[in-house]
Number of protein chains: 2
Amino acid sequence: MPKTDKATRTSSEQTRAALIDAGLRLFGRKGFEGTPIRDIAAEAKTNVASIAYHFGGKDGLRLACAEAVALRLRQVAGQTILSSDAGGDGEKALAIMETALTALVTFIAARPEARDIAAFMMREMSDPGPALDQIYTNLIHPVHGALCRLWGTATGTDPESPSTRLAVFALAGQIVYFRIGRPVILKRMGWQDIGPDEANQIVATVTGNLRALVAAGKAGAK
Amino acid sequence: MPKTDKATRTSSEQTRAALIDAGLRLFGRKGFEGTPIRDIAAEAKTNVASIAYHFGGKDGLRLACAEAVALRLRQVAGQTILSSDAGGDGEKALAIMETALTALVTFIAARPEARDIAAFMMREMSDPGPALDQIYTNLIHPVHGALCRLWGTATGTDPESPSTRLAVFALAGQIVYFRIGRPVILKRMGWQDIGPDEANQIVATVTGNLRALVAAGKAGAK
DNA sequence: GTCTATAAACAGATAGAC
DNA sequence: GTCTATCTGTTTATAGAC
């Protein structure tokens, strides 16, 4: 059946993508060791053997999931941050950061796929290995670096200084917590779900904090 | 129930404690499903069967670990926050929060046990169940509530309002990220470890942020 | 209460038919 | 390329000796 003529649209690629999708979802929820490859195959509507065929084994799928995570989050955060340049204008740098954070928070807090993406990343951080290296070099390092440059421009401080880097990490921490801590947040806020309304409240909190922290950083730089 | 005569010092209690300790460490690093009870027994220097004996099974140990986590973190955060009362004095409320945050951040960022405690909590949040309920009612709800009251006093805003609750969650997010994201932070900061020096830099970042955010919240409340 | 031995279920990898 | 059947090792839980 799997001949790659244009009518069939390479079912190989489709199976591959379905496996990564299923792997991300299950690894995120139940953990890597907690997920049997049989479940992944079932979720992707294929057979167990196809995981060894496409990725060489369970570990290969893990790495492929890490690649997918880095790619997806760069699409959300990256294209807004990585490409743009404030050109020394503090106000513009702050505006760019606000736009980027809004996009990031909206995606991370409200989009359903973000649950699995965030959970996958957090799990990899609890047990660092090749998959985390992937995510670090392809996502975290470039995005954090770009945010540091914007932060430096916005506050007039050294973008390479430890305090700038820590400030940006603190900012990132706020965002990821709104996803990871979701069940706790829902319960405490009395929310049923994080829809557009709730996401906007979170966006308002984070962007408000950004402005306050940048203002404080600017004052401290004098 | 073990017989508690003072001479033997109940080795039962010791085994129990050693199992919880080992469980917390291994569950945090490799996840619940990723950890065989044989490994836990070996780490606790006892036999596999003792887990079923003391906790009824692997799930029982999981719940006992959740209890231990809640208890331990209440000792760190709780005794400073839960007991004290600002009595309507904004300055005093801010000072209490600063003291509490310093203790919390120092513990979470620098203490080795905190790695496993934080990882355990995050994993439970990714896959909510009875253990998370434990942690929520015995730790998160009371501590978050106390911080909201202090925040309300410090900023002059309603401690029960959604924006206050979200602000406190954002603050908490910063703290936990400095533990969860540790491997990434070490790499990006060029640090070998988080010792007293590095912990102080993190404490300075977080308490600085606290002051800036409270000041902004106070201004907004006018 | 502790521990060894074992049972019954389940894991990931792979050979070979299609 | 896909899928079934199977191999080999490992898992949790438990029975029973001490």
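A quick note: this is a predicted structure, and the numbers were derived from the prediction, not measured. (Residues numbered from 1 in each chain as written. Chains lettered and ligands numbered in written order. Predicted model: local features only at pLDDT ≥ 70, side-chain atom pairs only at ≥ 80, totals over all residues. Heavy atoms only, no water.)

**Q** Hey, could you run me through the nonpolar core in this one?
**A** Most often, soluble globular proteins keep nonpolar side chains buried together rather than apart. Counting residues in each nonpolar core, the largest one holds 154 residues, and the members touching the most others are W151(A), I202(A), W151(B) and I202(B). Not counting residues within four places of it along the chain, the set of residues in contact with W151(B) comprises M97(B), G156(B), T157(B), T164(B), A167(B), V168(B), L171(B), L210(B), L213(B) and V214(B). (Core = buried A, V, L, I, M, F, W, Y, C linked by side-chain atoms within 4.5 Å. Buried < 20%, exposed > 50% of the residue type's maximum accessible area, 1.4 Å probe, protein only. Contact = heavy atoms within 4.5 Å.)

**Q** Help me understand the protein's contact with DNA strand D, please; the structure alone is not making it clear to me.
**A** Around DNA strand D lies a shell of 19 residues, among which N47(A), H54(A), I37(B), R38(B) and K58(B) are the nearest. The sugar-phosphate share of atoms of DNA strand D within 4 Å of the protein amounts to 56%. One of the side-chain nitrogen or oxygen atoms of R38(B) is found 3.1 Å away from a base oxygen of DNA strand D. K58(B) has a polar side-chain atom sitting 3.1 Å from a phosphate oxygen of DNA strand D. When residues of the surface near DNA strand D are traced back to their parent elements, those giving at least two are α1 (11-30) and α3 (49-55) of chain A together with α2 (37-43) and α3 (49-55) of chain B. Grouping the amino acids of the surface near DNA strand D by side-chain chemistry returns eight nonpolar, eight polar and three charged. (Near = heavy atom within 4 Å. Polar contact = N/O pair within 3.5 Å; in protein donor to acceptor, adjacent residues only side chain to side chain. Helix = DSSP H or I, 4+ residues; strand = E, 2+ residues; numbered from the N terminus. Nonpolar A, V, L, I, M, F, W, Y, C, P; charged D, E, K, R; others polar.)

**Q** Whenever I open this one, the relation of the copies chain A and chain B confuses me. Can you help?
**A** Look at the two chain copies: a rotation about an axis and a shift along it is all it takes to match them. Least-squares fitting of chain A to chain B yields an RMSD of 0.1 Å, with the superposition described by an axial translation of 0.0 Å and a rotation of 180°. Such values leave the two copies arranged in the relation of a two-fold axis. Taken as a fraction of all interface residues of chain A, those also at the interface in chain B reach 100%, which identifies the copy contact as same-surface. (Least-squares fit on C-alpha atoms with pLDDT ≥ 70 in both.)

**Q** So what exactly am I meant to see when it comes to the interface of chain A and chain B here?
**A** Size of an interface, as often reported, equals the accessible area lost when the parts are brought together. Residue-level contacts link 48 residues of chain A with 48 residues of chain B. For the pairing of chain A and chain B, the buried interface totals around 4,500 Å² over both sides, and the portion due to carbon and sulfur atoms is 67%. The tally of links between chain A and chain B comes to four salt bridges. Residue K187(A) is joined to D133(B) by a salt bridge in which the shortest nitrogen-to-oxygen separation is 3.2 Å. Viewed at the interface, chain B and chain A are joined by 11 residue pairs in polar contact (both at pLDDT 80 or more). Among the elements of the structure, α1, α6 (112-126), α7 (130-155), α8 (162-180), α9 (182-189) and α10 (196-221) of chain A are those that each provide at least two residues to the side of chain A that touches chain B. Per-element accounting of the side of chain A that touches chain B gives the leading share, 12 residues, to α8(A). (Buried area = accessible area lost by both parts, 1.4 Å probe. Salt bridge = Lys/Arg side-chain N within 4 Å of Asp/Glu carboxyl O.)

**Q** What am I meant to see in the pattern of salt bridges here?
**A** Pairing of side chains with opposite charge becomes possible as their charged atoms draw close. Per the stated rule, a full pass over the model turns up 22 salt bridges over all chains. The residue D127(A) makes a salt bridge to K30(B) at a minimum N-O spacing of 3.4 Å. With D127(A) in the loop between α6 and α7 and K30(B) in helix α1 (residues 11-30), this pair bridges two chains. Of the residues examined, K30(B) reaches a relative accessible area of 38% and is grouped as partly exposed. Close ionic contact of E124(B) with R62(B) constitutes a salt bridge, the shortest N to O distance being 2.9 Å. You can see E124(B) sitting in helix α6 (residues 112-126) and its partner R62(B) sitting in helix α4 (residues 58-81), a full 62 residues away along the chain. Assigned by exposure class, E124(B) and R62(B) land together as buried. Taken together, the salt bridges that share partners define one network made up of D21(A), R25(A) and E43(A).

**Q** Before we go on, may I ask you to explain the environment of L147(A) in this structure?
**A** Residues and elements named next belong to chain A. The topology assignment puts L147 in helix α7. When its relative accessible area of 9% is taken as the criterion, L147 is described as buried. Once the C-alpha coordinates of L147 and P159 are considered, the two residues, 12 residues apart in sequence, prove to be 8.8 Å apart. Non-local contacts of L147, meaning those with residues more than four positions away in its chain, are made with I81, M97 and V168.

**Q** Any chance you could explain the packing of α6(A) against α6(B) here in plain terms?
**A** Between two packed helices, both the angle of their axes relative to each other and the distance between the axes serve to describe the pair. Where α6(A) meets α6(B), the axes come as close as 10 Å, and the angle between the chain directions of the two elements is 155°. One finds that α6(A) runs roughly antiparallel with respect to α6(B). Seen along the crossing, α6(A) lies across α6(B) with a hand that is left-handed. Across the interface between the two elements, R115(A), A119(A), R123(A) and S126(A) from α6(A) touch R115(B), A119(B), R123(B) and S126(B) from α6(B). (Axes fitted to C-alpha atoms, helices over the stretch in contact; angles between N-to-C directions. Parallel < 35°, antiparallel > 145°, perpendicular 65-115°, else oblique. Left-handed = near helix turned anticlockwise from the far one by under 90°.)

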